[in-house]
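Take a look at the letters that make up each chain.
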Amino acid sequence: MFNCLELEVLNKYLSFILIFFVFLLNIYPQVPDSSSNVSSESFDCCSSSDVVGLTYITGYMIPHAKEVLNVRGSNPRGIELAYYSHLNNDEVWLDCECYPRIGGFISFYDFDITDILGYGLSGGINFTYFFGLPSDYNFHLKGKAGFAYLTKPFDKETHPQNMSYSTHFNYILSAGAGITIKLLDQLELQVEGSMNHQSNAALLEPNGGINYWAASSSINYFLEPVSFKTREVKYDPYLTQPKKTRWDLSFSWGISSMPYPEPGQVPMYGITINRSIQVYRIMALLFGAELERNARAVELFRRYRPDEAVNPYRFSLLGGVEFLMGKTLFSVQFGGYLFIPFRHFVADGFPARTFEDRTYQRWGLVYNIFENFYAGINFKSYRNSADHLSLRFTYSFR
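None of these values were measured; they are calculated from a predicted model.

Novice: Mind laying out the packing of aromatic side chains, listing which residues take part and the relevant values?
Specialist: Any two aromatic rings considered together are summarised by their centre-to-centre distance and by the angle between their planes. What the rule picks out here adds up to 23 aromatic pairs. Note on F345 and F350: the rings are 5.3 Å apart at their centroids and 80° apart in plane angle, and the pair reads as edge-to-face. Using a relative accessible area of 6% as the deciding quantity, one classes F350 as buried. Among the aromatic residues, those joined into a cluster by ring pairs are F301, Y304, F342, F345, F350 and F355. Above the ring of F105, the side-chain terminus of K144 is found at 5.2 Å from the ring centroid.

What follows is the structure, encoded as structure tokens:
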């Protein structure tokens, strides 16, 4: 049975999962742009090809922080089953002049030192971008994101040696590159290298995270033969219309844990303004500024220095890139604090500690719900630690 805290954590994760899988259904609409005129060649304008794949993964664990040195040298291994839709339509070609794959996966992991880290069962979405038209030999990039159930979380009494994760439910991120080799008409081999991460996004401490480099090999099978050709589109909005620009005003709300070994969780609020300037067919530069309220600072002062006041606000500037995928936007930004009054904390009964770095990364995935409104998730992290995962609501204007 779940206790109250586990139920609360589960409910929050289920909310994130629901939003996340909306993107899987909508990341690339399958209806062609009615304003596009295709050449007289016979194309099926709205087709996609079903692909199934089986992957074997082996990795090398990275002890990126002193609290997780006990995982050094372990070799996680996994088996993964994936389903892809290899997109092959006018609208996708106009977006990127490519034929990408998007799909879902489920996987099982043995983390080698199972007495500490246990086993993992995960699932989520994957996206593959091919350099050039799919052919007998291609380079590709692949990203994966989703959620995992891990079997042996930290417990102060019964399992204190696992400082890598403290909740059964965690999120996963993976980014890699490799080659695709066509073996037969409907059969291909993919060989990849990737960086992989699993943690609970600072929802509950300790949360050192599971990080590992991995090599993988996949056998993929097309359920029916397919031919990919260059589309000669007479009307190309990227070439004939002004480049896209936007102003985005966003409000974010997330939950973050108190620093270990402090119990409890606190809300994190933020307001962000971004400027997006398209520089390529599927990419825009993204510049922004952000004001956040760090409730960890408020709670630490309430517990240990109740007679003193603290300024919990922090202000930063951001810069990065945004990938334009139809109604879905994926962004990567790097930020630097210009104003951060709370970084160090010293109090009787609490070990002296420096919290936030001066710089951070922010990863975002939002979907255009209707007209000028977007909703999605954002993840903020420092060099080797998560700050928080948040829901983000955005109003966009020009």
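Next comes the rest of the description.
Novice: Go over the state of the cysteines, please, and point to the residues and values.
Specialist: As enumerated under the stated definition, the model contains 1 disulfide in all. For C96, the disulfide goes to C98, at an S-S distance of 2.0 Å. Because the sign of the S-S torsion sets the handedness, a value of about -90° for the bond joining C96 and C98 places this disulfide among the left-handed ones. When its relative accessible area of 4% is taken as the criterion, C96 is described as buried.

Novice: A description of the nonpolar core should follow, citing residues and the corresponding values.
Specialist: Core analysis: the biggest nonpolar cluster contains 29 residues, and M61, V71, F111, L117, L150, I210 and Y212 have the highest contact counts within it. Broken down by secondary-structure element, the contributors of at least two residues to this core are β1 (46-61), β2 (77-89), α2 (90-96), β3 (101-110), β5 (137-150) and β8 (210-222). Counting residues per element, this core draws most heavily on β8, which supplies 4 residues. When residues no more than four places from it in sequence are discounted, the contact partners of L150 are F111, Y119, G120, Y165, H168, N170, Q198 and I210. Listed in part, the 12 residues of the second largest apolar core include M268, A295, F345 and F355.

Novice: Would you mind going over the environment of N70 in detail, with residue names and values included?
Specialist: For N70, the position within the fold is in the loop between β1 and β2. N70 sits in the partly exposed class, given a relative accessible area of 35%. Sequence separation between N70 and S164 is 94 residues, and the spatial gap between their C-alpha atoms is 9.7 Å. Excluding residues within four positions of it along the chain, N70 makes contact with I113, I116 and Q161. A polar side-chain atom of N70 sits 2.8 Å from the main-chain carbonyl oxygen of Q161.

Novice: How would you summarise the pattern of salt bridges if you had to cite specific residues and measurements?
Specialist: Applying the stated criterion across every chain, the model contains 22 salt bridges. For D112, the salt bridge goes to R77, with nearest N and O atoms at 4.0 Å. Within this pair, whereas D112 is found in the loop between β3 and β4 (119-130), its partner R77 is found in strand β2, the two being separated by 35 residues in sequence. Classification of D112 by relative accessible area gives partly exposed; the value is 31%. Note that R281 and E97 form a salt bridge whose closest N and O atoms lie 3.2 Å from each other.

Novice: Before we move on, could you go through the pairing of strand β16 (residues 359-370) and cite the residues and values that matter?
Specialist: Where strand β13 (residues 328-339) lies against β16, 9 bridges are found, and the strand directions are antiparallel. By the bridge assignment, F330 is partnered in β16 with L365. Where β16 meets strand β17 (residues 373-381), 9 bridges bridge the pair, whose relative direction is antiparallel. The residue bridging N368 from the neighbouring strand is Y374, located in β17. Linkage of β16 to β17, two consecutive antiparallel strands, is achieved through a turn of 2 residues, within which E371 is found at a positive phi near 45°.

Reading guide: rules and limits
Residues numbered from 1 in each chain as written. Predicted model: local features only at pLDDT ≥ 70, side-chain atom pairs only at ≥ 80, totals over all residues. Heavy atoms only, no water. Phe/Tyr/Trp six-rings, centres within 6.5 Å; stacked < 30°, edge-to-face > 60°. Buried < 20%, exposed > 50% of the residue type's maximum accessible area, 1.4 Å probe, protein only. Lys NZ or Arg CZ within 6 Å of the ring centre and 35° of its normal. Disulfide = S-S within 2.5 Å. Core = buried A, V, L, I, M, F, W, Y, C linked by side-chain atoms within 4.5 Å. Helix = DSSP H or I, 4+ residues; strand = E, 2+ residues; numbered from the N terminus. Contact = heavy atoms within 4.5 Å. Polar contact = N/O pair within 3.5 Å; in protein donor to acceptor, adjacent residues only side chain to side chain. Salt bridge = Lys/Arg side-chain N within 4 Å of Asp/Glu carboxyl O. Pairing = 2+ DSSP bridges.

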